[in-house]
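# Coordinate analysis (summary)
What follows is each chain in one-letter form.
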Amino acid sequence: MKSNSFLKESFIAFFLFMGICTGHAQLNVSGYVSDGQVPIPGASIVVKGTSSGTATDFDGNFTLQNVATDAILVVSSIGFMPMEIELNGRTRIEVVLAEDAQQLDEVVIVGYTSQKKADLTGAVAVVDVENLEKTRVANVSQALQGQVAGVQVTASTGAPGDPVEIRIRGEGTIGNNNPLYIVDGIPSRDIAFMNQADIKSITVLKDAAAAAIYGSRASGGVVVITTKQGAKGKMSFNVDYFNGFNKATDLPNMLNAEQYINTLEKAWDNTYTGDNPYTADRGRSDFADTNWLDELFETGRTQNLQLTASGGNEKLQYLMSLGYFGQDGIVVYDNDRYQRINYRTNISADLTDRIKIGTNLQLSYDKNDLVASRGESLIRYALLRAPVIPVFKDENDPTYSERDPFTDMPFYTETGYDAGLQRSMYEMVGNPIARAYFTDNTERMYRTFGNVFGEYRFLKDKNLTFRTNVGIDLSFFHNKVFNENYGDDDGGGNAIDAGLGRQNRPNSLNESRGEAFTLTVNNTLNYKTLLNEKHDLSALIGMEYITNYASSIGASRARFPYTTEQFRYLDYGGTELDIWNSGSASEWALFSYFGSASYSFDNKYLITANLRADASSRFAENNQWGYFPSVSAGWKISDEAFLSDVDWLSNLKFRASWGILGNQEIDNYTYLTLISQENGIVKTNRFGNPDLKWESSEQTNFGVDLGLFQNKLNITAEYFNKYTSDILLPISLPSIVGNVQPTILNAGEVRNKGFELSVNYQNSDKEFKYSINANLATLDNEVEKLHPNLPNIVGEVTRTTVGQPLNAYYGYRMEGIYQNQAEIDEHLSGTPNPSAKPGDIRFKDLNGDGIISADNDREFIGSPIPDLTFGLAFNSSYKGWDFSFLFQGVEGVDRYNDGKKIVDYDTRPFNFTTAILNAWDGENSTNSVPRVAFEDNGSSRISSIFVEDASYIRLKNIELGYTLKDISGINALRLYISGQNLWTFTDYTGLDPETTDLIDKGTYPSSASVLLGLNAKF
């Protein structure tokens, strides 16, 4: 019995011992945290009931050492629902967190690293990429319209492929105001080559504290973009396709033929005496009734196809995408077409638990067929062309030809273009339809953009990460313009070209090719740690080297005997006259050191500091280095104990920041003296300035982040003051020095200040889910200093001077219309024999001397910089349905409408808009539109009558979709209909209030579009 008892007790002791050993065994646990698609950096992993924990790295990976086999891990991240994971002896886990719409966003990508949004102390805006995708535009930059407070996005024109301008917190310099783009860690000044569907996140760094880590390139703000990456799991496949049409809308109402002749008849009577030639011309059989805008614009087409495949395992993740975007514009004959093909591949691999490598690579091809879309554009010609002139000649006309069937000069005859006063009666502006037909202007761009990177994690807890990154931006361009001769013979030109049409005489080919290569190498060392659950510390140091080389060659020839497409090459042009060629190259380099440190105490008191030192080859040796510091602090007052019982308050944080940014975006070699040799004589073309240095932008920012009702309602308010000094100005030297170009000096100062407000409300509690996002920003722009030798920078219709905004409109102030001769005599009492007549424009006499003079009576009459920008977005879903819209607009912005001036107020017989039907026609008939005349009625002066309020509000996007799930072979299928620019409210009388031109001479308008699309996930 004793033996059996001993055996029993021994077995019990053994199992108790094994249980104790098992309960206290220690494991090393690794894992990966994602949202099911992409990794979640900065997620917290804590052993429940202890202070032991860590955080995921940039790629969502983590490692915990000495963890009990039966431990429970608590995984959490801002913006996601927390999870508890029982280990049960596992050494490797994968966690998928579900989004929590009522929490703050999880992680924000900022300068070379990431940060929790809750810990941000600078002015950083995170763009909702899901809403961004619904804009369905060619250029990613344009998709930012209305999305971020303080970010103004303007399309230069509505033509396919034309550039887009972004201004972050206004224009701070007279030179380059463009932001810096960082795409997967590689800098760029252009993102037009990117495909919207490839973008995972966009972060806008608005103030100096957020952007100082980019130093000399960041004064215009920074836009940080990350592209989509592969995720662990089986391969998924995504197809996104849409197709639709575009139309010109809100076109001005032009006069028809009858109204046009009536108006010219009246203009003649208001100017001359004697027989009226327009009365005699009435009813002639060859008159047409042409609406040139209707003839010029047609229905355009837009289509997009995006194919994406992604997947991976624990060691390797990949994503590949192929995209095509094509847009055929709204001008006839399809010579305004834009096409882009993108291929992107992103691959990352964990070679070990400490070593990671990867690559992001994009290949793109752009082809842009260009028509004249601004300035002396096709649209301007269509506005001016007389409606009595037909589009095509009669086939029985002796001057008709199949190659050139278009009318050119008004009622042209074989006997000469001047016959019967037709030239002076109906003006000779070109035929816009012919110009569209004969346009052959193509730009091609081949681009390789991407990087390869490697990471190594040091220390036992892997909190120290070294990352090396090498990026390339290589582009090849080919521009080719063939100017085909057409039109009627006006007898002019070189004798060798006798008998040719007046347009493009002689024909010619201009061709240029070039390349640009930018190499970026940066190395960073990043350390993050959490001490005693109170002290959260992160630090970053790094260096970066960027070098750029660009070269181009060009040539042209004229007088091509054969002009079909097969012969439009240089070898087939004339070989004796008009042979031209050129070539050039340039290079620059930037070398930098930078560092950043962030400290958080008890998750309530935050401070961040940055410093970057840049050396640029664009400045002389004594000024090559620039230093750009910043500091910011925040206080999460909502986490204080005295607010712990305030249930409705979810988040309240105060922020303040200060920093200095730079601008090195000037021409290469600007500090050097330029010389040239002509006929053996060496002469100076420009005197250099070895003291040339950076433009500096000092900025302070104060912000408040407020979250209410479990963060259903989030409000962010900012006030900023941005002061840019040492602005580069071209200063002309006295004529005694000789005929030399201006020398560039640091002399100007500009201040921008304003207020920004963003409000977001989201409700996901019920089956009907919705969110509302609104933002607005004010801006006050003022020039505070210029050089004594350059007190005014004078443009065609603008003047930049101290105390005014940049490029403010300057001219005479219209008071009304002179109603009778007595009013003229009284108002112009100091003017001997005034030329004004009743019906002419009356200008304000600022100094009251009875004389309207350029020296005393001009003033600032408008500003092209808006006082207010705003956006309003709504997104909702119910069961399988979703609906969204976006309004965007600007307020308090002016535009000089030169199209109005030349159409309704010119002294030549161009066409008019129907506004001219209300022109002055006798005393007290009107006080706003002057008499029509073939003599100056005051409209030759630059005045407020042409400076119009270009404020607008536009429905940028509206979309309705329905998602089908669990279809055989398809995980989800979404069908949608989308509309772009469907409605615009504005008082502006030009074709489009949205343009970057200071002078609107007739701009290719933004078109309204309706698209049908589908998105399928496999």
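Preceding this section is the structure that the text describes.
Residues numbered from 1 in each chain as written. Predicted model: local features only at pLDDT ≥ 70, side-chain atom pairs only at ≥ 80, totals over all residues. Heavy atoms only, no water.

## A few points about the overall build of the protein chain
- Regarding its fold elements, the protein chain presents 11 helices and 50 strands.
- For the protein chain, the C-alpha atoms occupy an extent of roughly 145 × 70 × 65 Å along the three principal directions.
- Residues counted as buried form 53% of the 1018 residues belonging to the protein chain.
- When contacts within the protein chain are restricted to residue pairs at least 6 apart in sequence, those whose partners lie at least 24 apart make up 70%.
- In the structure as shown, the protein chain presents an accessible area of about 44,700 Å², 54% of it carried by carbon and sulfur atoms.
- Separation of charge centres in the protein chain, based on 87 positive and 127 negative side chains, amounts to 8 Å. (Helix = DSSP H or I, 4+ residues; strand = E, 2+ residues; numbered from the N terminus. Buried < 20%, exposed > 50% of the residue type's maximum accessible area, 1.4 Å probe, protein only. Contact = heavy atoms within 4.5 Å. Areas by Shrake-Rupley, 256 points an atom, 1.4 Å probe, with all protein chains shown as cover. Lys, Arg positive; Asp, Glu negative; His and termini not counted. Charge placed at Lys NZ, Arg CZ, Asp CG, Glu CD.)

## Description of the side chain of Arg 136
- Assignment of secondary structure puts Arg 136 in the loop between α2 (129-132) and β11 (151-155).
- Within the local environment of Arg 136, its side chain forms a polar contact with the side chain of Glu 959, the two groups lying 2.8 Å apart.
- Those residues in contact with Arg 136 that lie beyond four places of it in its chain are Gln 196, Asp 240, Phe 242, Glu 959, Arg 974, Tyr 976, Ser 978, Gln 980 and Leu 1011. (Polar contact = N/O pair within 3.5 Å; in protein donor to acceptor, adjacent residues only side chain to side chain.)

## A few points about unusual backbone geometry
- Backbone torsion omega between Arg 505 and Pro 506 reads -5°, so that peptide bond is classified as cis.
- The residue Pro 506 is located in the loop between β23 (464-483) and β24 (508-531) in this model.
- Despite not being glycine, Asn 66 shows a phi value in the positive range, around 55°.
- Here the phi dihedral of Gln 710 falls at roughly 55°; this positive angle occurs in a residue that is not glycine.
- Mapped onto the elements of the fold, Gln 710 is located in the loop between β32 (695-708) and β33 (713-731).

## Re helix α4 (residues 257-269)
- When the terminal C-alpha atoms of α4 are compared, their 18 Å separation across 13 residues agrees well with the 18 Å that a helix rising 1.5 Å per residue should span.
- Of the positions making up α4, those classed as buried are Ala 257, Tyr 260, Ile 261, Thr 263, Leu 264, Glu 265, Ala 267 and Trp 268.
- Where α4 begins, one side-chain oxygen reaches toward the backbone nitrogen of Glu 258, 3.2 Å away; that side chain belongs to Asn 256. (Expected span 1.5 Å × (residues − 1).)

## What to know about empty space enclosed by the protein
- In the structure shown here, the tally under the stated rule is 7 cavities of 30 Å³ or more.
- What the largest cavity holds in volume is close to 110 Å³.
- Lining the largest cavity are 13 residues, and of these Gly 150, Arg 169, Gly 170, Leu 779 and Thr 869 sit closest to its centre.
- Where the lining of the largest cavity is concerned, the elements lending two or more residues are β11 and β35 (768-778).
- Grouping the amino acids of the lining of the largest cavity by side-chain chemistry returns 5 nonpolar, 5 polar and 3 charged. (1 Å grid on protein atoms, 1.4 Å probe; cavity = no way out; pocket = protein on both sides within 12 Å on 5 of 7 lines; lining within 4 Å. Points joined across faces, edges and corners; volume = space filled by probe spheres on them. Nonpolar A, V, L, I, M, F, W, Y, C, P; charged D, E, K, R; others polar.)

## Details of the nonpolar core
- One finds Tyr 260, Phe 297, Val 388 and Tyr 426 to be the most contacted residues of the largest nonpolar core, which totals 70 residues.
- Those elements that provide at least two residues to this core are α4, α6 (292-296), α7 (378-384), α8 (422-426), α9 (432-438), β41 (841-843) and α11 (898-904).
- Excluding anything up to four places from it in sequence, Tyr 260 contacts Leu 255, Ala 386, Pro 387, Val 388, Met 425, Tyr 426, Pro 909, Phe 910, Asn 911 and Phe 912.
- Of all hydrophobic cores here, the second largest spans 26 residues; its members include Ala 125, Val 127, Val 137 and Ile 168. (Core = buried A, V, L, I, M, F, W, Y, C linked by side-chain atoms within 4.5 Å.)

## Some words on the sheet that holds strand β6 (residues 83-86)
- Across the sheet, 4 strands lie side by side as β3-β2-β5-β6; this open sheet has antiparallel pairing. Only two strands of the sheet have a single partner each, and these edge strands are β3 (53-55) and β6. With strand direction ignored, the average angle separating the axes of adjacent strands in the sheet is 20°.
- Pairing of strand β5 (residues 72-76) with β6 involves 4 bridges; the strand directions are antiparallel. (Pairing = 2+ DSSP bridges. Axes fitted to C-alpha atoms, helices over the stretch in contact; angles between N-to-C directions.)

## Describing the pattern of salt bridges
- In the structure shown here, the tally under the stated rule is 60 salt bridges.
- Arg 189 is paired through a salt bridge with Glu 665; the nearest N and O atoms lie 3.1 Å apart. Taken together, the residues Arg 189 in the loop between β14 (186-188) and β15 (199-205) and Glu 665 in the loop between β29 (649-663) and β30 (674-678) connect sequence positions 476 residues apart.
- Its relative accessible area of 28% is what places Arg 189 among the partly exposed residues. (Salt bridge = Lys/Arg side-chain N within 4 Å of Asp/Glu carboxyl O.)

## A word on the pairing of strand β43 (residues 868-878)
- In the sheet, β35 pairs with β43 via 11 bridges, with the strands oriented antiparallel. Looking at the pairing, Asn 773 lines up with Ala 873 of β43.
- When β43 meets strand β44 (residues 881-891), the two strands line up antiparallel, connected through 11 bridges. Paired with Thr 869 across the strands is Val 890, a residue of β44.

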